[in-house]
Each structure stands twice: as structure tokens, then as C-alpha cells.
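Structural description and commentary
Here's the letter readout for the chains.
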Amino acid sequence: MTDVSRRALLKGGMVAGSLAAVPAEALAAAPETDKPLTRIAFGSCAKQDKDQPIWDQVNAWSPELFVFLGDNIYADTDDMAVMKAKYAKLAGKAGFKELRRKTPCIAIWDDHDYGRNDAGREYPMKKESKDIFMEFWQEPADSERRTREGNQMAYIYGPPGKRVQVILPDNRWWRSGLLGMTETPKDRGPYLTNSDPDAVMLGWEQWQWLQEQLEKPAEIRIFASSTQVLADKPGWETWALFQAEQQRLFDLVRFTGTTGFFCISGDTHYCELSRRDDNVPYPFWDLTSSGLTETWHYLAPNKYRVGEGHAVQNFGTIEIDWGAAGPVIMLGTRDGAGKPLISQKLNLSDLKPGAARA
């Protein structure tokens, strides 16, 4: 297929050097298991060849956890030496190094750090790319993530009654090919919805894994997807391109009786908030934050958008108040100067069946 993605317009150059992972002793320790999380930041789309001043604002916000949602570098290569060199360039960014010293970080990839623009299961170097990912993000040597197929991972933080689960699905390893137009529209991307029930986003093995994660006890569940979960027709890569898989996600949340579920996502080069009330067990939210360095020149159509989107450099924030009156979640995004862009209050009591709908 001809490369028609908007991100193909933003090619990154090769940098010299080898993989320079942050020394293990320099990394922040994981959040304490008996202490509830209250401040989480996240972001995506950080071009390693550009300055990254936004880390100053991220570090000033002092998150207790940072979630990298993919396109953490722009590798775009089948040459693993080139990929390692680009990770090394990210590792050399002063703000990034400070973040990793101060703040526990977890990560998933998207297409550019997976290896190719908009790539799925066809990418021939995915196993080698995964090995480099594990080395750079210093996944423990005995982690099951290293040995199983795919790059998906989940974490649970905090004590019983105040547990936060963060689920990082792998939207690349098993994903079927994309359907596209021969000419890109002016107001959206070139990709078409694939209504084939056999088209795959996560793959059978990962669906089994995801059900197991949703069946574990947690009060708040953050589905941290590299691509948008709810946006309906942007024409770029989203869950909506795979109708059966998107509906399967909604149905799995319903089937498992999962509560406290909401989404965060990246990829788009702008930030926006989406809410869906139709055909879901309770109101679903998806806060998109993109990019840490990358921006786009328009917002694609999205009937689920709440308020305005912003095509500026940004990072996402999640604040949790575990007060006795009932937990409250504040979703937000901030620009490169730290100015708030999006703010949305969620009551945990509304993230369950029977909650009021718009």
C-alpha cells in the first residue's frame, strides 16, 4: 500500500551511536504498593531529532507515574542499528533523563517505535524490535512480557480499595492490514472502516490475556491504548477501523462486569476528549494526548468529541482524589507552557452500569 499517513510527512533522520539505556540505578523506583496513586501523567509522539522542552513542564507537575503511549521514538526502519541509535538519542534528552530519575515510567509502542509507519502484523522485524524495546525500557529479565508473543502489559498500583490498574494493549503485533483510499481527503485520513468480522486488532491470544486482566480486582482501570479507542471517523488509525474488535472490547467490559474503566490514547498529534454513551455498558471516556513534540494542522471528524481539541504540543494528566465522599478523577491536558487545555471531572460512581447517560 502506498504510504499516505500524515506522519510520513514527518520523517526523522538517522543518528549515530548505540543504544544508551538509562543505568538501572538511575531509575525511579516503582510506586509503593501500599500507597494509592493520585497523580499520573502520560503522552505520546516524541521525535528524537527535535528539542523536547515539554519535559520541563511534565517534571514540574511531579507525576507519581508516567505512561508512554507509543511513538516514543520515530524509528521507521527495518535496520535495528538505526533503531538503537534513535533510542540512544531519546536517552540523551536532559528532560527525559530527569523524568526517569524522578518518576516511575511504563511504556507501550505504537507504529513508529514498533518499526514502520502504520504497520501491523506484517512488520518483519517485530521480534527484534521488541528485544530493543525491552532493553531500553529495562523490563526485568524474568518478566513474562519478554517471553510471550506481543508487547502487552498490565500493572496494578495501590492497596485494596484504592487500586489503579493500567492496561497497555499491543495494537501492532497481531493487527490486520488497513483498508485505504487512493486519494487522501482534505479533512481526515485515508483509511476506511473494515467491517470484516475476521479483521484483527488484538488477536485471540491477547484477548484471552485482556479478559484475565479485567477479572483482577481494581477500583480504577485505565485502558492505555496507543491509538484512539472512541473517535469514530478520523480516517487515521483508530479502534473504529476494526468494528468487530472495537465492539468486542465494549462487550468484554460488559461481560466481565468491569467498573471504573476509562481510556487514554495517543497518536493523533492533537489532544481531545471523547465520550460515548451508545452501545456501551456505561459512559466511556477516552482522553487523547499527542504529541510531546508533534502537532497536526487540523482536527479530524469525531462525533464523540467533548468540547474543543487542541493541535499543540501537550501531555495528559490524571488526578485522583480518594476522598471519603467517593473517588473523583480529573482528566486533563496541558500545553508546553503548562497551561491547562482540557479538564473533565469523572466521579468513579458514574463508571459503572446504571450511570446517567448524555
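Residues numbered from 1 in each chain as written. Predicted model: local features only at pLDDT ≥ 70, side-chain atom pairs only at ≥ 80, totals over all residues. Heavy atoms only, no water.

1. Topic: the overall build of the protein chain
Scanning the protein chain from terminus to terminus reveals 8 helices and 15 strands. For the protein chain, the residues scored as buried account for 58% of the 358 residues in total. Of the contacts made within the protein chain by residues no fewer than 6 positions apart, 73% connect residues no fewer than 24 positions apart. (Helix = DSSP H or I, 4+ residues; strand = E, 2+ residues; numbered from the N terminus. Buried < 20%, exposed > 50% of the residue type's maximum accessible area, 1.4 Å probe, protein only. Contact = heavy atoms within 4.5 Å.)

2. What to know about the packing of helix α7 (residues 204-214) against helix α8 (residues 243-256)
Across the interface, α7 lies against α8 with an axial gap of 10 Å and an inter-helix angle of 30°. Comparing the axis directions of α7 and α8 gives the class roughly parallel. In this structure, the crossing between α7 and α8 has a hand that is right-handed. Residues W207, L210, Q211 and L214 of α7 pack against E245, R248, L249, L252, V253, F255 and T256 of α8. Taken together, the residues of the contact of α7 with α8 sort by class into 7 nonpolar, 2 polar and 2 charged. (Axes fitted to C-alpha atoms, helices over the stretch in contact; angles between N-to-C directions. Parallel < 35°, antiparallel > 145°, perpendicular 65-115°, else oblique. Left-handed = near helix turned anticlockwise from the far one by under 90°. Nonpolar A, V, L, I, M, F, W, Y, C, P; charged D, E, K, R; others polar.)

3. Let's talk about the packing of aromatic side chains
Under the defined criterion, the tally for this structure stands at 24 aromatic pairs. A ring pair is formed by F68 and F96, whose centres lie 5.8 Å apart and whose planes are at 70°; its orientation type is edge-to-face. With F68 in strand β2 (residues 65-68) and F96 in helix α3 (residues 94-102), this pair connects stretches of sequence that are 28 residues apart. Relative accessible area serves as the criterion here: at 2%, F68 is assigned to the buried category. Judged by relative accessible area, F96 falls into the buried class, the value being 0%. We note R39 situated over the ring of W61; from NZ or CZ to the ring centre the distance is 3.9 Å. A cation sits over an aromatic face here: K47 above Y74, 5.2 Å from the ring centre. (Phe/Tyr/Trp six-rings, centres within 6.5 Å; stacked < 30°, edge-to-face > 60°. Lys NZ or Arg CZ within 6 Å of the ring centre and 35° of its normal.)

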